[in-house]
Amino acid sequence: MRPLQERMTKANALLAPYAVPHEGKLGRANQEPPDATRFPFQRDRDRIIHTQSFRRLKGKTQVFVTGGGDHFRTRLTHTFEVAQISRDIARTLGLNEDLSEAIALAHDLGHPPFGHAGEEALDLWMRDHGSHFEHNAQSLRIVTLLEERSSLESGLNLNREILLGLQKHTTPHDLPAEVRRATKAGHENTHMTQGLSLEAQVVNLADEIAYTGHDVDDGLRAKLFSESDLKKIPLAEQALEQSKARGMAARGAIIDLLITDLYACTEELLRSIHDLDQVYASKEPLVRFSGAMKGALGALREFLWKRMYLHLDVLKANEQGKIVVRTLCKKLTTNPTPKVLEFQKRGGGTLIEAVKDYVAGMTDEYAQKSLARYALST
């Protein structure tokens, strides 16, 4: 077997000059000896997927509450789809696939149970106590503090390129509702991508591409809308025509249209970029959709908001999830369990923060069972 450095040098030669090299540039908080066979970002990927936080994603809501159907997306299956799309885009653009994959696999670790409804409930509860909750910040907290790979240090000691990607990860779903309405769904929050590697920018858009495609798929499966309804939206109509011509699912056609546009727009922008320093210095994202596609995507996202995310059945489940989260937070603050006190010790913070960490890590089912146990004990 060839030495690790020799293999990395050969792999780096295949990367574009503006890609993050396989050995990374920013390093880890605590330096480590190199692995015998794996590249640094491969090690980080493995650390992420072996965490308890990653495994719990299988029981967390994407849009439909887990348990409502075996074939609806969960937070875990969504994560895999984002990682797959991220790798494909990174490879095509000559970027570091391992880095994009690692960011993608970690980007939703901080999501609480019950999807964005659970996040809103936790945020409101934290604001009542002078703080706030945001799942990207929680993802970063998980990999730097709450998860452990060694008894000698907290966190996973990931490369800083991954931490930066998690810290500044954003999609229209991640913005407050009032900001989404002001900017219209489907438009990037430009200032959040300043200083990001292209690999991290890829994950930002791969996330949006993945959930747009699979939310259409899940919405059709749940009969929240029909293909006839979708045909009123230009991007969806184009995707449906392509899907029938090529014998593919509407989801796949939407993803194909979005990625094809991304390639055309991004490759044009990258013509003036010659190294990684220029990427980090850019004040605007370099991985993006064309203006026409952003408008078309915005119309589709608006349709999904009205017909899917604001559907009565979805809202009802969301409200139930919010009640579970807020009630658990109140009860665990009044009567903290040994697990909460363990979180407080590990995090070195307040009881309120420990409750937040504990509840945010729960699956939908565990949160519901925990609340039921409290009801039986009172």
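Nothing here was measured: the structure is a model prediction, and the numbers come from that model.

Enquirer: Whenever I open this one, the overall build of the protein chain confuses me. Can you help?
Expert: Helix and strand content of the protein chain: 19 helices and zero strands. Relative to the 2.2 N^0.38 estimate, which gives 21 Å for 378 residues, the radius of gyration of the protein chain is 21 Å and therefore close to what a compact globule would have. For the protein chain, the C-alpha atoms occupy an extent of roughly 65 × 60 × 35 Å along the three principal directions. Relative to its 378 residues, the protein chain shows a buried fraction of 54%.

Enquirer: For this particular structure, what's the right way to read the environment of Arg 45?
Expert: Relative to the helices and strands, Arg 45 resides in helix H2 (residues 40-49). The residues contacting Arg 45, other than those within four sequence positions of it, are Glu 101, Ala 102 and Leu 105.

Enquirer: Help me out: how do you make sense of the side chain of Asn 159 in this one?
Expert: Within the secondary structure, Asn 159 is located in the loop between helix H7 (135-146) and helix H8 (160-167). One polar contact links Asn 159 to Asp 44, side chain to side chain, over a distance of 2.8 Å. Ignoring sequence-local partners within four residues, the contact set of Asn 159 consists of Gly 27, Arg 28, Pro 40, Phe 41 and Asp 44.

Enquirer: Would you mind going over the packing of helix H13 (residues 250-269) against helix H15 (residues 291-309) with me for this structure?
Expert: Helix packing for two helices is described by the angle between their axes and how far apart those axes are. H15 packs onto H13 with a crossing angle of 150° between their chain directions and a minimal axis gap of 11 Å. When the interaxial angle is binned, H13 and H15 end up roughly antiparallel. Two packed elements cross with a definite hand, and for H13 against H15 that hand is left-handed. Within the contact between the two elements, H13 uses Ile 254, Leu 257, Leu 258 and Asp 261 and H15 uses Met 293, Leu 297 and Leu 300. In terms of residue class, the contact of H13 with H15 is built from six nonpolar, no polar and one charged.

Calculation criteria
- Residues numbered from 1 in each chain as written.
- Predicted model: local features only at pLDDT ≥ 70, side-chain atom pairs only at ≥ 80, totals over all residues.
- Heavy atoms only, no water.
- Helix = DSSP H or I, 4+ residues; strand = E, 2+ residues; numbered from the N terminus.
- Rg over C-alpha atoms; globule rule 2.2 N^0.38 Å.
- Buried < 20%, exposed > 50% of the residue type's maximum accessible area, 1.4 Å probe, protein only.
- Contact = heavy atoms within 4.5 Å.
- Polar contact = N/O pair within 3.5 Å; in protein donor to acceptor, adjacent residues only side chain to side chain.
- Axes fitted to C-alpha atoms, helices over the stretch in contact; angles between N-to-C directions.
- Parallel < 35°, antiparallel > 145°, perpendicular 65-115°, else oblique.
- Left-handed = near helix turned anticlockwise from the far one by under 90°.
- Nonpolar A, V, L, I, M, F, W, Y, C, P; charged D, E, K, R; others polar.

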